[in-house]
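So the chains spell out like this:
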There are 2 protein chains.
Amino acid sequence: MQLLERAKQLEAAGRRIVHMEIGEPDFSTPASVIDAAHAALDSGDSFYTPSTGNPALQQAIARWYREEYGVDVSPERILITPGTSGAFSLIYAALIEAGESVLLSDPGYPCQRNFIRLAGGEPVSVPVGPETLYHLSPGLIEQYWQSGTRAAVVINPSNPTGTLISDDALQQVAATCRRLGGYLISDEIYHGLTYGLKARCALEFDDNAIVVNGFSKRWAMTGWRIGWVIVPEELIDACRRVMQNIFIAAPTLSQYAAIAALRATDDCERMRLAYDERRRYLLEALPELGFDIVVQPQGAFYIYANVERITDDAKSFCWEILENVGVAITPGEDFGTYRAAGHVRFSYATGMDDIRLGVARLREWLQPVSA
Amino acid sequence: MQLLERAKQLEAAGRRIVHMEIGEPDFSTPASVIDAAHAALDSGDSFYTPSTGNPALQQAIARWYREEYGVDVSPERILITPGTSGAFSLIYAALIEAGESVLLSDPGYPCQRNFIRLAGGEPVSVPVGPETLYHLSPGLIEQYWQSGTRAAVVINPSNPTGTLISDDALQQVAATCRRLGGYLISDEIYHGLTYGLKARCALEFDDNAIVVNGFSKRWAMTGWRIGWVIVPEELIDACRRVMQNIFIAAPTLSQYAAIAALRATDDCERMRLAYDERRRYLLEALPELGFDIVVQPQGAFYIYANVERITDDAKSFCWEILENVGVAITPGEDFGTYRAAGHVRFSYATGMDDIRLGVARLREWLQPVSA
Ligand SMILES: Cc1ncc(COP(=O)(O)O)c(C=O)c1O
Ligand SMILES: Cc1ncc(COP(=O)(O)O)c(C=O)c1O
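What you see is a predicted model; the values in this text were computed from it and never measured.

**A look at helix H11 (residues 314–325) of chain A**
Residue and element names in this part refer to chain A.
Move 1: The end-to-end C-alpha separation of H11 is 16 Å, in line with the 16 Å expected for 12 residues at 1.5 Å each.
Move 2: Among the residues of H11, Ala314, Phe317, Cys318, Ile321, Leu322 and Val325 are the ones counted as buried. Seen along its axis, H11 keeps its buried residues to an arc of 130 degrees; they face one direction.
Move 3: Positive backbone phi, at 65 degrees, marks Gly326, one or two positions downstream of H11.

Below, the structure is given as structure tokens:
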């Protein structure tokens, strides 16, 4: 976060900075979605939607699940939220009593810890490594689960590692959570951004899983603040009560835009192909510079690299290359503590020219190190 | 809430329902704001704003405070949130530790209690009546304040009563909160919707007050989900951390629209005059039907009426008139417990024709009662 601020400061001062630290698509929202938003603007509907969302969007998402994953979800189970961020606020508020805990992977998406804490719960960090493709496994869940544990979170594909959980592991993780009396929470916000294989929806394996997703990444709609969460029947009422109180509703116009987004398949494919080109370039270039990519990432727009051959202090290294060669990447410590000083995250949500420039700058800067 | 659902059900079945239960402007967003949103849509900026908001909006709001209230607020103290609902989530998360308490008026805006509970705090209901224009007073605050109390909330003009706090009382309430070591939180979302006098901003009296406001009511922008909170310097960092984590940011397009809204003065005046006409009509008609209006409301779009001459059970009465004559109003119990069974809230955020129809229906229905 501070590093991002410093990067912007340097930029404002005239430096050209290569932004490989940002977790946001560099693409604008697809034109067909913008068109739909223009039409919605002219409709005069600027009112609150029902707190659970515009029913037309709930239905469109239900259809989407049938077509994309072959799973049947009734629209009432699909709750529309202000971003997936809103979905997390919501489910933890509905799910957790003070002192109860939720299992998270370390490394993982850093905001999770804070969502859980704000709901009065306790985030439990579970160290994960290449053995489990940086994901929670059934064994780890058994090991860390306690009496007050309510859920385990899988981010698939993962931020920061870009790795997918295996189908088998996902199925077993779901079964384990259920057997232990809790929920699997599957953060599927990077679905659709996968390269060479398809991410499976947790609902394909367990109808009781809580699935969180949103329009920010695959559809390049971060600023619209639209996400959703699919909850089991038994949680709908509790969630509805929370939503009425804390959000009132998600943005109305964004919900109309989201309906159109679900049809913007070609635009999504165009963006996906662009990410994949960048990914393949970096997967080749980075190891030559000393960044070890232990598990090939096949999703999201992240590469998680081991930097132990280059430094024993990833954080200082990131600051150093920002100040000296204007390349911004994120130190492992932003995602947890487990082996954090030995890792960094590259984001390739930035244009190919900048990525090439970043690699060239790193090559020059690292020469003396590898020499 | 259930009553609102039933009203919609009856409507779907073909009944004409008079909606005087809804707390949302019946006007669409002003055309000049829609125009600005069209332009912003075409700009290609669909990205996250900084978590504290688009700096141009922060600056425009700072200017607004100078012009509207003559108070100087630096833009960094103005945090842009997803609705004022977001502002409340934010400040309670930043302000309250588990078990700490916040003073609220009873009757008052019902979501407040839940925001505080979700942050692990304890809402303390302070019964208020006509003596204090249904507002907290310095005396009441002293009486209810305890060692773990962090703040007292004033909603001015008030939901559900439509009454303004007096300038003197506001000044003294602010001074009392400060003397007791806590904050005044002033919910000013109904500012600009006042009739015959102007609501004062808490910052005119106390630079340390926390002021919450938003575009939903005065600007008829509920569906855009844009609010703001002005915090003292000492809270900025804590709030920023919360915002980065729980919202990421408020909707980007809505923030552009909000900048334009601040210039839509004529549209706001047009809506205000329409509300005022309805208000004056109801203030005359309702007492003749047996609804006692103890304090003349001069703000928002609500009238809080004592129904003790008609019924000793306001809730059953509301259901009765909904089912029998298709008029929807809100029972006192939705806003607290203090003398709740003897009160109802009328909202005049609905067209004059419907309001006249509602009054005619009530007159007919109540004939036998008053005869
Ligand atoms: C794994 C993961 N989940 C959720 C989010 C939140 O995104 P949003 O609130 O924009 O939907 C992000 C954003 O970076 C993310 O990386
Ligand atoms: C007193 C008061 N505060 C806050 C709100 C929340 O409004 P929003 O989240 O749309 O800004 C409302 C809405 O009814 C209200 O009446």
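**Here we look at the sheet that holds strand S9 (residues 302–306) of chain A**
Residues and elements named next belong to chain A.
Move 1: Overall, antiparallel pairing links the 3 strands, which are arranged S9-S12-S11 in an open sheet. For this open sheet the edge positions go to S9 and strand S11 (330–331), each flanked by a neighbour on one side alone.
Move 2: Here S11 runs beside strand S12 (residues 343–347); their pairing, made up of 2 bridges, is antiparallel. Across the sheet, Thr330 pairs through a bridge with Arg345, a residue of S12.

**A look at the interface of chain B and chain A**
Move 1: Each partner contributes to the interface: chain B provides 43 residues, whereas chain A provides 43 residues.
Move 2: Around 3500 Å² of area is buried between chain B and chain A when both sides are counted, 57% of it from carbon and sulfur atoms.
Move 3: A per-residue breakdown of the area chain B buries against chain A is headed by Leu41, Tyr48 and Leu118 of chain B, which together make up 18% of the total.
Move 4: Summed over the shared surface of chain B and chain A, the result is 0 salt bridges.
Move 5: At the boundary of chain B and chain A, one finds 23 residue pairs in polar contact (both at pLDDT 80 or more).
Move 6: The set of elements that each furnish at least two residues to the side of chain B that touches chain A consists of helix H2 (31–42), helix H4 (83–95), helix H5 (111–118), helix H8 (233–246) and helix H9 (252–261) of chain B.
Move 7: Sort the elements by how many residues they give to the side of chain B that touches chain A and H2 of chain B lands first, with 5 residues.

**A few points about the site of ligand 1**
Move 1: Within the structure, ligand 1 sits among 14 residues, and Ser85, Asp187, Ser216 and Lys217 of chain A together with Tyr48 of chain B are positioned closest to it.
Move 2: In this structure, ligand 1 is bordered by residues of chains A and B.
Move 3: Between ligand 1 and Arg225 of chain A there is a distance of 2.8 Å, counted from an oxygen atom to a side-chain nitrogen or oxygen.
Move 4: Within the contact set of ligand 1, an oxygen atom lies 2.7 Å away from a side-chain nitrogen or oxygen of Tyr48 of chain B.
Move 5: Burial of ligand 1 by the surrounding chains reaches 97%, relative to a free accessible area of 400 Å².
Move 6: Ranked by residues supplied to the shell around ligand 1, first place goes to helix H4 (residues 83–95) of chain A with 3 residues.

**Side note on the environment of Glu122 of chain A**
Move 1: Inspection of the secondary structure puts Glu122 of chain A in strand S4 (residues 122–127).
Move 2: On a C-alpha basis, the gap between Glu122 of chain A and Leu366 of chain A in space is 41 Å, while along the polypeptide they are 244 residues apart.

**A short note on the site of ligand 2**
Move 1: The environment of ligand 2 is formed by 14 residues, the closest being Tyr48 of chain A together with Ser85, Asp187, Ser216 and Lys217 of chain B.
Move 2: Positioned at a junction of chains, ligand 2 has nearby residues supplied by chains A and B.
Move 3: Contact between ligand 2 and Tyr48 of chain A: an oxygen atom at 2.7 Å from a side-chain N or O atom of the residue.
Move 4: At 2.9 Å from an oxygen atom of ligand 2 is found a side-chain nitrogen or oxygen belonging to Asn159 of chain B.
Move 5: Here the shell around ligand 2 takes 3 residues from H4 of chain B, the largest share from any one element.
Move 6: The residue makeup of the shell around ligand 2, split by class, is 6 nonpolar, 5 polar and 3 charged.

**Overview of the relation of the copies chain B and chain A**
Move 1: Take chain B, turn it by 180 degrees, move it 0.0 Å along the axis, and it overlays chain A with an RMSD of 0.0 Å. Both chain copies can therefore be described as sitting about a two-fold axis.
Move 2: Most of the interface of chain B is mirrored in chain A, where 100% of its interface residues are also at the interface.

**With respect to the packing of aromatic side chains**
Move 1: Under the counting rule described, the total for this entry stands at 34 aromatic pairs over all chains.
Move 2: Ring geometry for Tyr190 of chain B and Tyr302 of chain B: centres 5.5 Å apart, planes at 80 degrees, overall edge-to-face. Linking Tyr190 of chain B in the loop between strand S6 (183–187) and strand S7 (210–214) with Tyr302 of chain B in strand S9 (residues 302–306), this pair joins segments that are 112 residues apart in sequence.
Move 3: Assessed through its relative accessible area of 0%, Tyr302 of chain B is described here as buried.
Move 4: In textbook terms, an aromatic cluster arises when at least three aromatic residues are bridged by ring pairs, as seen for Trp64, Tyr65, Tyr69, Phe215, Trp219 and Trp228 of chain A.
Move 5: One cation-aromatic arrangement involves Arg218 of chain A over Trp219 of chain A; the distance from NZ or CZ to the ring centre is 5.3 Å.

**Quick word on the domain arrangement of chain A**
All names here are of chain A.
Move 1: Each domain of chain A was delimited in the assignment, giving domain 1 (2–28 + 266–366) and domain 2 (31–263).
Move 2: Computed from C-alpha coordinates alone, the two centres of domain 1 and domain 2 are separated by 26 Å.
Move 3: Each partner contributes to the interface: domain 1 provides 31 residues, whereas domain 2 provides 30 residues.
Move 4: When the two sides are added together, the surface that domain 1 and domain 2 hide from each other amounts to roughly 2500 Å², 61% of it contributed by carbon and sulfur.
Move 5: The tally of links between domain 1 and domain 2 comes to 0 salt bridges.

**Some points on the packing of helix H2 (residues 31–42) of chain A against helix H9 (residues 252–261) of chain A**
Residues and elements named next belong to chain A.
Move 1: Interaxial distance between H2 and H9 falls to 8 Å at its minimum, and their mutual angle equals 140 degrees. Taken together, H2 and H9 sit at an angle that is classed as oblique. The two elements H2 and H9 meet at a crossing, and its hand is right-handed. Only Leu253, Tyr256, Ala257, Ala260 and Ala261 of H9 make contact with H2, whose side of the interface consists of Ser32, Val33, Ala36, Ala37, Ala40 and Leu41.
Move 2: The residue inventory of the contact of H2 with H9, partitioned by class, reads 10 nonpolar, 1 polar and no charged.

**A word on the sheet that holds S4 of chain A**
Residues and elements named next belong to chain A.
Move 1: Read from one edge of the open sheet, 7 strands run S2-S8-S7-S6-S5-S3-S4, paired in mixed fashion. Looking along the sheet, the strands with just one partner apiece sit at the ends: strand S2 (78–81) and S4. If you compare each strand with its neighbour and ignore which way they point, the axes differ by 25 degrees on average.
Move 2: Contacts from helix H8 (residues 233–246) reach S2, strand S6 (183–187) and strand S7 (210–214), with the element oriented near 20 degrees to S2.

Calculation notes
Residues numbered from 1 in each chain as written. Chains lettered and ligands numbered in written order. Predicted model: local features only at pLDDT ≥ 70, side-chain atom pairs only at ≥ 80, totals over all residues. Heavy atoms only, no water. Helix = DSSP H or I, 4+ residues; strand = E, 2+ residues; numbered from the N terminus. Expected span 1.5 Å × (residues − 1). Buried < 20%, exposed > 50% of the residue type's maximum accessible area, 1.4 Å probe, protein only. Arc of directions from axis to C-beta. Pairing = 2+ DSSP bridges. Contact = heavy atoms within 4.5 Å. Buried area = accessible area lost by both parts, 1.4 Å probe. Salt bridge = Lys/Arg side-chain N within 4 Å of Asp/Glu carboxyl O. Polar contact = N/O pair within 3.5 Å; in protein donor to acceptor, adjacent residues only side chain to side chain. Near = heavy atom within 4 Å. Areas by Shrake-Rupley, 256 points an atom, 1.4 Å probe, with all protein chains shown as cover. Nonpolar A, V, L, I, M, F, W, Y, C, P; charged D, E, K, R; others polar. Least-squares fit on C-alpha atoms with pLDDT ≥ 70 in both. Phe/Tyr/Trp six-rings, centres within 6.5 Å; stacked < 30°, edge-to-face > 60°. Lys NZ or Arg CZ within 6 Å of the ring centre and 35° of its normal. Domains from an automatic or database assignment. Axes fitted to C-alpha atoms, helices over the stretch in contact; angles between N-to-C directions. Parallel < 35°, antiparallel > 145°, perpendicular 65-115°, else oblique. Left-handed = near helix turned anticlockwise from the far one by under 90°.

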